[in-house]
Amino acid sequence: MTDLFSKFDALIAQREGLLATGVKDPFSLVMEEVKSPTVAVVNGKETILLGTYNYMGMTFDDDVIAAGKKALDEFGAGTTGSRVLNGTFQGHKECEDALKEFYGMDHAMVFSTGYQANLGIISTIAGKGDYIILDIDSHASIYDGCKMGDAEIVAFRHNDVEALEKRLKRLPADAGKLVVLEGVYSMLGDIAPLREMVAVAKKHGAMVLVDEAYHDFVADPSYSSLVDMVKKGENVIISRTASKIHGLAGLRTAFVIARPDIIARLQPLSTSAPGVFGALGAAASIQDTAFQAMVKQRNIEGREIMKTAIAKMGRKMTESQTNFVFFHAGMPVEQVQKAMLAKGFMIGRAFPPYTDWVRISIGTPDEMRAVAAALPEVISGAPKSLGSSER
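Residues numbered from 1 in each chain as written. Predicted model: local features only at pLDDT ≥ 70, side-chain atom pairs only at ≥ 80, totals over all residues. Heavy atoms only, no water.

**Let's talk about the sheet that holds strand β3 (residues 45–49)**
1) Next: Spatially, β1-β2-β3-β12 is the arrangement adopted by the four strands of the open sheet, whose pairing is mixed. Looking along the sheet, the strands with just one partner apiece sit at the ends: β1 (31–36) and β12 (345–346).
2) Next: As judged from the four bridges shared by strand β2 (residues 39–42) and β3, these two strands associate in the antiparallel manner. Residue pairing across strands places valine 41 opposite glutamate 46, the latter belonging to β3. (Pairing = 2+ DSSP bridges. Helix = DSSP H or I, 4+ residues; strand = E, 2+ residues; numbered from the N terminus.)

Below, the structure written as structure tokens:
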């Protein structure tokens with residue numbers, strides 16, 4: 001009889017091999033006390049968190065906490081079912097109203113997570129006989145949405161407008177087509193030529209879904225959101241999450257912006273809704289524009305500190321427009337994790353196939369200076385040639 005877990009034997013053996021070298025099991029790294037958005041006591045030692053989603057600390061904002069507490073007091077800890085079955089909580093409506101006001105839209109729709117937003121939309125609207133055309137470096141939620149649906153999957157080279165058009169030209173003119181993009185790519189941190197790609201998709205009769213999870217961190221003046229296209233009635237759906245600039249990953253709230261007729265058709269098909277305390281917390285965060293402006297400025301400062309340090313070490317890095325830097329360390333990420341943890345810094349996991357590239361989330365400028373001072377000692381002897389990781 002075949003063991004269903006046997007397919008994971010090689011992965012488990014790899015994990016055990018890493019643990020044998022002294023790399024910490026992430027499940028054994030316990031945050032016993034959270035001291036700030038980016039600092040926690042981990043296994044008894046104060047540690048700077050370089051993989052956290054709570055980048056700039058909106059989770060500690062007084063208004064967000066008050067809104068969440070009020071929701072728990074008035075509505076309890078859950079939604080007790082989907083909106084389709086049980087109706088809409090006031091918190092969901094307040095969050096959607098805040099989104100509509102913030103973006104100047106007539107319609108918006110909340111989901112429980114950014115992952116669920118992509119998963120639900122893709123698997124629902126692209127079915128048998130349809131085609132999904134996606135960037136090869138798309139987020140896992142996009143690929144999982146494709147797997148759940150029954151559409152034909154067509155991938156194109158990362159950020160290549162010409163490659164996208166070539167794929168679209170080969171597809172039946174009368175077939176349903178969904179082009180899926182990310183405004184800022186979640187693994188590499190680089191921006192997409194969105195408007196050129198939307199123009200190509202429109203030319204070939206395709207709808208566009210763009211994940212703008214990292215939109216708020218972009219400083220490049222050549223980049224802009226596609227919200228204006230939605231307002232003009234273009235065939236575009238935008239998904240976003242409150243887990244990035246708002247730092248509300250734990251409260252699990254995301255949202256979708258689209259034309260009124262698209263939202264009206266999506267709502268009856270959705271069974272995903274955030275907890276009401278998450279929805280109200282997100283609403284409070286969205287309305288705090290002063291805090292968002294401060295977060296953006298601090299993120300730019302911290303990111304530039306890291307970019308300067310990485311360049312000084314002679315390491316290749318992506319042109320990140322996000323709240324993280326991604327650079328070539330020349331050694332397995334696990335070794336970097338182990339060495340940095342001993343110095344009081346906790347780095348997140350590897351992103352295969354880039355297993356010798358390190359991703360560091362941006363914290364406060366002072367924390368980034370501390371990271372920049374510690375890194376050279378850890379990776380100074382590692383090779384700088386890229387090998388199979390060449391981009």
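There is more to say after this.
**A short note on the pattern of salt bridges**
1) Next: Taken as a whole, this structure holds 16 salt bridges when the rule is applied.
2) Next: Lysine 166 serves as the salt-bridge partner of glutamate 162, at 3.6 Å between the closest nitrogen and oxygen. Here lysine 166 and glutamate 162 lie together in helix α7 (residues 161–169), a separation of four residues that amounts to about one turn.
3) Next: Classification of glutamate 162 by relative accessible area gives exposed; the value is 53%.
4) Next: Judged by relative accessible area, which is 40%, lysine 166 ranks as partly exposed.
5) Next: Residue arginine 240 pairs with glutamate 212 through a salt bridge whose shortest N-O separation is 2.5 Å. Taken together, the positions of arginine 240 in strand β9 (residues 236–241) and glutamate 212 in the loop between β8 (207–211) and α9 (227–231) put the pair 28 residues apart, joining distant regions of the chain.
6) Next: Salt bridges sharing common partners tie together Lys93, Asp97 and Lys100. (Salt bridge = Lys/Arg side-chain N within 4 Å of Asp/Glu carboxyl O. Buried < 20%, exposed > 50% of the residue type's maximum accessible area, 1.4 Å probe, protein only.)

**Comments concerning the packing of aromatic side chains**
1) Next: By the definition in use, this model includes eight aromatic pairs.
2) Next: Taken together, a centroid distance of 6.3 Å and an interplanar angle of 85° make the contact between phenylalanine 326 and phenylalanine 351 edge-to-face. Note that phenylalanine 326 is positioned in strand β11 (residues 324–328) and phenylalanine 351 in the loop between β12 and β13 (357–361), a separation of 25 residues in sequence.
3) Next: Assessed through its relative accessible area of 17%, phenylalanine 351 is described here as buried.
4) Next: Pairing tyrosine 354 with tryptophan 357 gives two aromatic rings, centres 6.4 Å apart and planes at 70°, and the pair type is edge-to-face. Of the two residues, tyrosine 354 and tryptophan 357, neither departs from the other in class, the shared state being buried. (Phe/Tyr/Trp six-rings, centres within 6.5 Å; stacked < 30°, edge-to-face > 60°.)

**Some points on the sheet that holds strand β10 (residues 254–257)**
Paired through backbone hydrogen bonds, the strands of a sheet run either parallel or antiparallel to each other.
1) Next: Pairing is mixed in the open sheet, where seven strands are placed in the order β4-β10-β9-β8-β7-β5-β6. The strands lining the two open edges of the sheet, one partner per strand, are β4 (109–111) and β6 (152–156). Each strand of the sheet is rotated relative to its neighbour by a mean of 20°, with strand direction disregarded.
2) Next: Here four bridges tie strand β5 (residues 131–135) to strand β7 (residues 177–182), and the two strands are oriented parallel to one another. Looking across to β7, one finds that tyrosine 131 is bridged to lysine 177. (Axes fitted to C-alpha atoms, helices over the stretch in contact; angles between N-to-C directions.)

**Describing the packing of helix α13 (residues 333–342) against helix α14 (residues 365–379)**
1) Next: Where α13 meets α14, the axes come as close as 10 Å, and the angle between the chain directions of the two elements is 125°. Relative to α14, the element α13 is oriented oblique. For the pair α13 and α14, the crossing hand works out as right-handed. Residue-level contacts link Val336, Ala339 and Met340 of α13 to Val371, Ala374, Leu375, Val378 and Ile379 of α14.
2) Next: For the contact of α13 with α14, the residue count by class is eight nonpolar, no polar and no charged. (Parallel < 35°, antiparallel > 145°, perpendicular 65-115°, else oblique. Left-handed = near helix turned anticlockwise from the far one by under 90°. Contact = heavy atoms within 4.5 Å. Nonpolar A, V, L, I, M, F, W, Y, C, P; charged D, E, K, R; others polar.)

**Looking at α14**
1) Next: With 15 residues, α14 extends 21 Å between its outermost C-alpha atoms, agreeing within 8% with the 21 Å of an ideal straight helix rising 1.5 Å per residue.
2) Next: Among the residues making up α14, those that are buried are Pro365, Glu367, Met368, Val371, Ala372, Ala374, Leu375, Val378 and Ile379. (Expected span 1.5 Å × (residues − 1).)

**Remarks on the confidence of the model for the protein chain**
1) Next: Residues at a pLDDT of 70 or more form 92% of the protein chain, whose mean pLDDT is 86.
2) Next: Looking across the protein chain, the model is least confident in helix α3 (residues 83–86), with a mean pLDDT of 72, and most confident in α7, with 98. (pLDDT = per-residue confidence, 0-100.)

**Digging into the pairing of β11**
1) Next: The buried fraction of β11 is high, at five of five residues.
2) Next: Of the two faces of β11, the one carrying Phe324, Phe326 and His328 and the one carrying Val325 and Phe327 are both buried.
3) Next: Two strands pair when backbone bridges link them, and β11 and β13 are joined in this way by five bridges, in the antiparallel orientation. The residue of β13 that forms the bridge with valine 325 is isoleucine 360.

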